[in-house]
Amino acid sequence: MRLPVLDKNFYPMIKAINDFDAEVKKNGGVKVTLVAERSGGYNYVYTYEALKDGVNDALNFRMAERLAKTILWVVGGFKIYVSGSKSIYEYLKQAYTLEGLRAFDVDFMSGVYEKPFEVVWLGEKDVPQQKNASIRVGGYLDGCRIGFDAGGSDRKVSAVVNGEVVYSEEVVWNPKITEDPTYHYNEILTAMKTAASKMPTVDAIGVSSAGVYVDNKIMVASLFIKVDKKQYGDYVKNMYINVAKEMSKEYGKEIPLEVANDGDVTALAGAIDLEDNGVLGIAMGTSEAVGYINTNGGINGWLSELAFAPVDFNEGAMQDEWSGDFGVGCKYFSQDAVIKLAEAGGHTFAEGLTPAQKLKEIQALMEKDDALATQIYEDIGVYLAHTIPFYAKFYDIKHMLLLGRVMGGKGGDIILSTCKQVLAEEYPEFAGLDIGLPDEKNRRVGQSIAAASLPASGK
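Because the structure is a prediction, the values reported are computed rather than measured. (Residues numbered from 1 in each chain as written. Predicted model: local features only at pLDDT ≥ 70, side-chain atom pairs only at ≥ 80, totals over all residues. Heavy atoms only, no water.)

### Some details on the packing of aromatic side chains
Put simply, the rule is: In this analysis, rings of Phe, Tyr and Trp, with Trp reduced to its six-membered ring, are considered paired at centre separations within 6.5 Å, and the interplanar angle assigns stacked below 30 degrees, edge-to-face beyond 60, and tilted for intermediate values. The numbering of helices and of strands both runs from the N terminus, where a helix is a DSSP run of H or I of at least 4 residues and a strand a run of E of at least 2. Note on classification: 1.4 Å probe, protein chains only; a residue is buried when its accessible area is under 20% of the maximum for its type, exposed when over 50%, partly exposed between these limits.
Applying the stated criterion to the full structure yields 28 aromatic pairs. With a centroid separation of 4.8 Å and 50 degrees between ring planes, the pair formed by tryptophan 73 and phenylalanine 308 is classed as tilted. Remark: phenylalanine 308 occurs in the loop between strand E15 (298-299) and helix H9 (335-344) and tryptophan 73 occurs in helix H2 (residues 57-75); sequence separation between them is 235 residues. Both residues of the pair, tryptophan 73 and phenylalanine 308, belong to the buried class. Among the aromatic residues, ring-to-ring pairing joins Tyr44, Tyr46, Tyr48, Tyr292, Trp302, Phe390, Tyr391, Phe394 and Tyr395 into one connected group.

This is the structure we're talking about:
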């Protein structure tokens, strides 16, 4: 198996699952079903063969926990049902408490769904049928529209008139290190007003932003990680709604607003460009943002917060500071991955640089065909190749679109070519998967343009 040169301990989840399956076949297994339930009665059902009790309980529990965690961050939910193994149920029940191993997940999901998180035992005869959602989103370009993309390092905005981009800009900002949310509000409003000034009127506002959104409310978003939730909770939750209200007041009419997760907007940008569906979009920027347009052309209503889903089964993998977990996507498909691999290769950054500045430093080296920079991007391509078959267990992927700052310049081309090469060598069933990059301009502003198409009515 080809491994990243600068991270030889990488143990892909798909390889871990295959190794686990081999152990089960050798020792005998038991059928286990995990069900994640979310709002509206929707659920996701995942069944696999686990080891029998006493064979290797540590491995059995770890695999169950990694799978439960993946399902939770793929689809979302406030409740996990467990069927088939009481010992796995007891382990997960303890792990998913505010004092347990997955305390971050419990707190996050409770905040998103505004319900206490539970792990519940389920008899085999009571395992439900999977209940899916498919919601039409985006693709509307009539009228004068603002598309805003709230990145962690820069904010992008586009003015779009009947599908034609008349203005786009990118402005550096620092939302993730700022405690006062009036900073965020004023920066967002300034971007909106700048775009509005380039058009005769504003008929709709679409927002692409990292995090979880319900009815245009900000339920959880890393942009506000330093903001005191208790003091500013409602102010932050309604920020985009209030910005739209202020714009509506200025124009003397109600301006439709639609806020979507930036990963889903990435996928939407791909679906619009490809004129096809079944698109998994991955934006590699401050973190990993993932979205999916299903084969029916809708979104599933899933979280798709794969930044927090495991991709590396190695227990000694890099830790994510926010969630406290190890081996999760944000450390493999983001600027943090570039920095991690650069330092593993012996590169030393000057004191006081931001992650965005460190990324630019490696990108500048890449433009000079530096050997270490080349290896960094090849290694991310290897990460991606081993991760695609794992993601494909949950998503029906016809096309994969790669966006974000990490994909800019020569480095993005190396990630793509390496990924395709490793897929062909190690996972021939995925060798023909359509994986692509938009052109350089769309890599940077494509999401804000797609965001402009989110609201259903522009006039």
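Having seen it, we continue.
### Side note on the nonpolar core
Keep this limit in mind: The set of buried Ala, Val, Leu, Ile, Met, Phe, Trp, Tyr and Cys residues whose side-chain atoms join them within 4.5 Å is what this entry labels a nonpolar core. For this analysis, residues touch if any pair of their heavy atoms sits within 4.5 Å.
The biggest cluster of nonpolar side chains holds 96 residues, and the ones touching the most others in it are Tyr48, Tyr96 and Ile380. Considering each element in turn, this core owes the most residues, 11 residues, to helix H11 (residues 371-391). Not counting residues within four places of it along the chain, the set of residues in contact with tyrosine 48 comprises Phe20, Val30, Lys31, Val32, Leu34, Ala64, Leu67 and Ile88. By size, the runner-up hydrophobic cluster in this structure holds 34 residues, among which are Cys144, Ala195, Val243 and Leu257.

### Focus: the pattern of salt bridges
The cut-off we apply is this: By convention in these notes, a salt bridge is any Lys or Arg side-chain nitrogen within 4 Å of a carboxyl oxygen on Asp or Glu.
The tally for this structure, following the rule as stated, stands at 27 salt bridges. A salt bridge links aspartate 154 to arginine 405, with the shortest nitrogen-to-oxygen separation between them at 2.0 Å. Here aspartate 154, found in strand E7 (residues 154-161), pairs with arginine 405, found in the loop between strand E16 (399-403) and helix H12 (409-426); they are 251 residues apart in sequence, far enough to count as distant. On the accessibility criterion, arginine 405 (12% relative accessible area) is buried. When salt bridges with common partners are traced through the structure, they connect Glu65, Arg66, Lys69, Arg102, Asp105 and Asp325 into a single cluster.

### Points about the sheet that holds strand E1 (residues 29-37)
Note the following rule: Note on pairing: two strands pair once DSSP finds at least 2 bridges between them. To get an axis, a line is fitted to the C-alpha atoms, and for a helix only the part in contact is used. The angle between two axes follows their N-to-C directions and goes from 0 to 180 degrees.
Strand order in this open sheet of four strands is E2-E1-E3-E4, and the pairing throughout is mixed. Sheet topology places strand E2 (43-51) and strand E4 (118-121) at the edges, where each strand pairs with a single neighbour. For this sheet, the mean angle separating the axes of adjacent strands, direction not counted, is 20 degrees. Running over the sheet, H2 touches E1, E2 and strand E3 (79-83) and is turned about 165 degrees from E2.

### Quick look at empty space enclosed by the protein
Put simply, the rule is: A 1.4 Å probe that fits into a set of points on a 1 Å grid over the protein atoms alone but cannot get out defines a cavity; an open set with protein on both sides within 12 Å along at least five of seven lines defines a pocket, and lining residues are those with an atom within 4 Å of a point. Grid points are joined across faces, edges and corners, and a volume is the space filled by probe spheres set on the points. In the scheme used here, Gly and all other residues not listed as nonpolar or charged are polar, with Ala, Val, Leu, Ile, Met, Phe, Trp, Tyr, Cys and Pro taken as nonpolar and Asp, Glu, Lys and Arg as charged.
The final tally for this structure, using the stated rule, is one cavity of 30 Å³ or more. Considered as a void within the structure, the largest cavity measures approximately 40 Å³ in volume. Surrounding the largest cavity, Asp264, Tyr292, Ile299, Asn300, Gly301, Trp302, Ser304 and Tyr395 form its lining. For the lining of the largest cavity, a count of residues per class yields four nonpolar, three polar and one charged.

### Some words on helix H10 (residues 355-367)
The criterion, for reference: Expected span of a helix: the number of residues minus one, times 1.5 Å. Here the arc refers to the set of directions running from the helix axis out to each C-beta atom.
Given a rise of 1.5 Å per residue, 13 residues ought to cover 18 Å, and the 19 Å separating the end C-alpha atoms of H10 matches this to within 8%. What H10 keeps buried is the set Ala356, Lys358, Leu359, Ile362, Gln363 and Met366. Viewed along the axis of H10, the buried residues span an arc of 160 degrees, placing them on a single side of the element. Next to the buried residues of H10 lie H9, H11 and H12. Looking one or two residues past H10, aspartate 369 carries a phi angle of roughly 60 degrees, positive in sign.

### Focus: the layout of surface pockets
The volume enclosed by the second largest pocket comes to roughly 850 Å³. For the lining of the second largest pocket, the elements supplying multiple residues, two or more each, are helix H4 (103-113), strand E5 (135-136), strand E10 (212-214), strand E11 (217-220) and strand E12 (257-261). Among the elements that make up the lining of the second largest pocket, the one with the highest residue count is E12 (four residues). Classifying every residue of the lining of the second largest pocket gives 18 nonpolar, seven polar and eight charged.

### With respect to the pairing of E2
Direction of pairing for E1 relative to E2: antiparallel, over a ladder of nine bridges. Each residue of the ladder has a partner; that of glutamate 37, found in E2, is asparagine 43. The turn joining E1 and E2, which pair antiparallel and follow one another in sequence, is formed by five residues; a positive phi near 80 degrees is taken by glycine 40.

### What about the pairing of E12?
Most of E12 is tucked away, with four of its five residues classed as buried. As paired strands, strand E9 (residues 204-209) and E12 are joined by five bridges and run parallel to one another. Its bridge partner lying in E12, isoleucine 205 is registered against leucine 257.

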